[in-house]
Amino acid sequence: MEIDYAADPGAVEPGILAYAVFDPVVDPPLAPEVRELVAPEEIRGDSGQTVVVHTGPGRRVVLAGAGRRADADADSLRDAAAAVARLRAAAEIAWVLDDTLPLTPAEQARAVVDGLVLGGYDPGKWKTTGERRALPERLVLVGGDEAAAAAARRAERVAAAANRARDLSNRPPNDLTPARLADRAAELAGAHATVTSEALGPDEIEALGMGAFAAVGRASRQPPRLIVLRHEPPDPVDGIVLGLVGKAITFDTGGISLKSRDGMEDMKGDMSGGGAVIEGLGVIAELGIPVRTLAVVAAAENAIGGDAFRPGDILTAMNGTTIEVVDTDAEGRLVLADALWYARMHGATHLVDFATLTGAIERALGDLYSGVMGNDDAWRDRVVAAGNASGDHAWPLPLHRRYRRLIDSSFADVKNLSARALAVPLYAASFLEEFVGEGPWAHIDLAGPAFLRVSRGDYLSQQGGTGYGVRLIAELAEGLAR
Ligand code: BES
Ligand code: MN
Ligand code: ZN
């Protein structure tokens, strides 16, 4: 999407001139030409509603409802812009910025781009009939300046990366195998001079001593991959290697602790954390952010077969910790155990993992917020703040050392399921903590917001992958570069 700015609406010749209308509607923001053509009661600020006004030959104004004025924030503008994108009425959109809002022009520009690019996403890539939806080709920020345009251009790259992560989440599990996910990582390395990629197969995973990761991937005909991506900028900030770790279960059957059939098709999205990490590193490189970054993605299919790992098995992770398997459906923490340790051993100073780890986090926080836990409150809060500033809503949860006791095993160092069905996301985090080594680590359980079973009704209205995590990663890395 090409992005420009213009001083006033008269200076642009767009397909559409759009702006957000809040409730209660105030006068102006309505251009005089609109006021003559629409009755005041036709204009309402209801979020997601649009009114299209034909103001002249080939000239239309779209009034995009943005909800209550008292609640005006970046999300209101994202919703309004998404409604305009969904009209698909023109390839060029001029968006009128509003100086009465509590958001700077740059913040507004950024939110509008999020709404247009994420809201305009089309998940129906496998449909053979009907027309596929295209995103707008050009955006003119009316009343904007160079700073607003720069913010919008950056946001456009990040949102496009989030849409690529959605493509990965939505690709069916018979297509997106661990090896194909590794192909995407290799493609990024080919596209950016600062990026290199590696993909280790089952023999190398075993040889590294990754007994937990290897066990999960063993029953599938599709062999696992440990995907390692590095971004080495020419002039990096000192003393920081951002370690991004992702769970990428390309399909989670639950293994021998088989899942029930309802909604099992959504388990193609169990690689969304890994997808976000891969596209997140890609956009860090694309934006030239001077932070050394190491991404480690554990990609495997949790399948069933004669060679499947079983409840009762005791596995030895790369760091030497022994794990009693109680439930083969608690596989995410097993693959992350080895990926986290690997990232730390390869120099990550600040770790964050992204994982669709527990259904319980979705029951607790719904499809809007991820839950963030960690071993260092300052780092966890930084991750949470980056999420909220970027549009990827995140909420902190406690991780007290006393949670550790419920993953004590009678036979091994730990077990992969807590003894009681309490605080499931926290016990999972408590398990992961055994494998993070020394230094700050945060764990993002994104099982709620990463993959939507049903539309959320906001700018991310499409079923399936949301690209959750990509915007957070870009924001976090930019913060570290400052
Ligand atoms: N991939 C699932 C978690 C999940 C559930 C993601 C729903 C997205 C939507 C994970 O591997 C899993 O099966 N977790 C178990 C953990 C339990 C066995 C402790 C769960 O949530 O039931
Ligand atoms: Mn599972
Ligand atoms: Zn899973």
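Our structure is the block above this text.
These numbers come from a predicted model, not from an experiment. (Residues numbered from 1 in each chain as written. Chains lettered and ligands numbered in written order. Predicted model: local features only at pLDDT ≥ 70, side-chain atom pairs only at ≥ 80, totals over all residues. Heavy atoms only, no water.)

Explain the coordination of the zinc ion (ligand 3) to me, please; I cannot follow it from the model alone.
Ideal geometry at a metal centre: 109.5 degrees between donors when four sit tetrahedrally, and 90 or 180 degrees when six sit octahedrally. Within the protein, Lys247 (NZ), Asp252 (OD), Asp270 (OD) and Glu331 (OE) serve as the donor atoms for the zinc ion (ligand 3), at 2.0 to 2.4 Å. Metal-centred angles of 79 to 172° between the six donor atoms at the zinc ion (ligand 3) mark the site as octahedral. Read in sequence order, the donor residues coordinating the zinc ion (ligand 3) give the pattern K-x4-D-x17-D-x60-E. Residue classification places Asp252 among the buried residues on the basis of a relative accessible area of 3%. (Donors = N, O, S within 2.8 Å, 3.2 Å for Na, K, Ca; no water. Tetrahedral: all angles 85-135°; square planar, octahedral: opposite > 155°, others 65-115°. Buried < 20%, exposed > 50% of the residue type's maximum accessible area, 1.4 Å probe, protein only.)

Is there a simple way to explain unusual backbone geometry in this structure?
Excluding glycine, most residues fall at negative phi; most peptide bonds, likewise, are trans. Between Asp23 and the following residue, Pro24, the backbone shows a cis peptide bond with an omega angle of 0°. On the secondary structure map, Pro24 appears in the loop between strand E2 (16–23) and helix H1 (32–37). Phi is positive for Arg88, which is not a glycine, with a value near 50°. Looking at the secondary structure, you find Arg88 in the loop between helix H2 (74–87) and strand E5 (92–96). (Helix = DSSP H or I, 4+ residues; strand = E, 2+ residues; numbered from the N terminus.)

Sorry if this is basic, but what is going on with the packing of aromatic side chains here?
Any aromatic ring pair is given by two values, namely how distant the centres are and how the planes are angled relative to each other. Overall, the coordinates contain three aromatic pairs when judged by the stated rule. Ring plane angle 90° and centroid distance 5.5 Å describe the contact between Tyr403 and Tyr427, whose orientation is recorded as edge-to-face. Of this pair, Tyr403 sits in the loop between strand E15 (394–396) and strand E16 (414–415) while Tyr427 sits in helix H12 (residues 424–433), and the two are 24 residues apart along the sequence. Look at Tyr427 and you get buried, because its relative accessible area is 5%. On the numbers, 5.2 Å between centres and 40° between planes, the contact of Phe431 with Phe435 is tilted. With respect to burial, Phe431 and Phe435 carry one shared label: buried. (Phe/Tyr/Trp six-rings, centres within 6.5 Å; stacked < 30°, edge-to-face > 60°.)

Mind showing me how you'd approach the nonpolar core here?
Grouped burial of nonpolar side chains is what soluble globular proteins tend to show. Ranked by internal contacts, the top residues of the largest apolar core, which has 51 residues, are Leu226 and Phe431. If you list the elements that add at least two residues to this core, you get helix H7 (211–217), strand E8 (225–231), strand E9 (241–252), strand E10 (292–302), helix H9 (332–345), strand E13 (350–355) and H12. No other element matches H9, which puts eight residues into this core. Leu116, Val158, Ala165 and Ala276 belong to the second largest nonpolar core, which has 45 residues in total. (Core = buried A, V, L, I, M, F, W, Y, C linked by side-chain atoms within 4.5 Å.)

I tried to follow the pattern of salt bridges on my own but got confused; where do I start?
It is possible for side chains of opposite charge to pair when their charged atoms get near one another. The tally for this structure, following the rule as stated, stands at 37 salt bridges. Between Asp329 and Lys259 there is a salt bridge, with the nearest N and O atoms lying 2.9 Å from each other. Placement of Asp329 in the loop between strand E12 (322–324) and H9 and of Lys259 in the loop between E9 and helix H8 (272–286) is noted, with a sequence separation of 70 residues between them. The partly exposed category is assigned to Asp329, whose relative accessible area is 23%. One salt bridge in this structure joins Arg404 and Asp408, with 2.7 Å as the shortest N-O distance. (Salt bridge = Lys/Arg side-chain N within 4 Å of Asp/Glu carboxyl O.)

How should I be thinking about the sheet that holds strand E11 (residues 314–316) in this particular structure?
Within a beta sheet, neighbouring strands are joined by backbone hydrogen bonds and run either parallel or antiparallel to one another. Taken in spatial order, the three strands make up an open sheet running E11-E12-E16, and their pairing is mixed. The sheet terminates laterally at E11 and E16, the two strands that pair on one side only. Examined bridge by bridge, E12 and E16 share two bridges and lie parallel to one another. By the bridge assignment for E16, Ile323 is matched with Val414. (Pairing = 2+ DSSP bridges.)

What should I look at first to understand the coordination of the manganese ion (ligand 2) in this one?
For the manganese ion (ligand 2), the protein coordination sphere consists of Asp252 (OD), Asp329 (O), Asp329 (OD) and Glu331 (OE), at 2.0 to 2.2 Å. Around the manganese ion (ligand 2), the six donor atoms are arranged such that angles at the metal cover 72 to 169°; this shape is classified as irregular. Read N to C, the donor residues that coordinate the manganese ion (ligand 2) are spaced as D-x76-D-x1-E. Between the manganese ion (ligand 2) and the zinc ion (ligand 3), a separation of 3.1 Å is found, and both are coordinated by Asp252. In this pair, Asp252 sits in strand E9 while Glu331 sits in the loop between E12 and H9, placing the two residues 79 residues apart along the sequence.

Any chance you could explain the site of ligand 1 here in plain terms?
Surrounding ligand 1, one finds 17 residues, the nearest of these being Lys259, Asp270, Asp329, Glu331 and Gly359. Contact between ligand 1 and Asp329: an oxygen atom at 2.7 Å from a side-chain N or O atom of the residue. For ligand 1, the accessible surface in isolation is 510 Å², of which the surrounding protein chains cover 83%. When its residues are assigned to classes, the shell around ligand 1 shows four nonpolar, three polar and 10 charged. (Near = heavy atom within 4 Å. Polar contact = N/O pair within 3.5 Å; in protein donor to acceptor, adjacent residues only side chain to side chain. Areas by Shrake-Rupley, 256 points an atom, 1.4 Å probe, with all protein chains shown as cover. Nonpolar A, V, L, I, M, F, W, Y, C, P; charged D, E, K, R; others polar.)

Could you clarify how one ought to interpret the sheet that holds E5 in this entry?
Taking strand neighbours across the sheet as the criterion, the six strands line up as E1-E6-E5-E2-E4-E3 in an open arrangement whose pairing is mixed. Lying at the two open borders of the sheet, with one neighbouring strand each, are strand E1 (2–6) and strand E3 (50–56). Ignoring which end each strand starts from, the neighbouring axes of this sheet average 25° apart. Sheet strands in contact with helix H3 (residues 105–119) are E1, E5 and strand E6 (138–142), and its direction is about 150° off that of E6. Of the strands in this sheet, E1 and E6 touch helix H4 (residues 146–170), which is tilted by about 160° from E1. (Axes fitted to C-alpha atoms, helices over the stretch in contact; angles between N-to-C directions. Contact = heavy atoms within 4.5 Å.)

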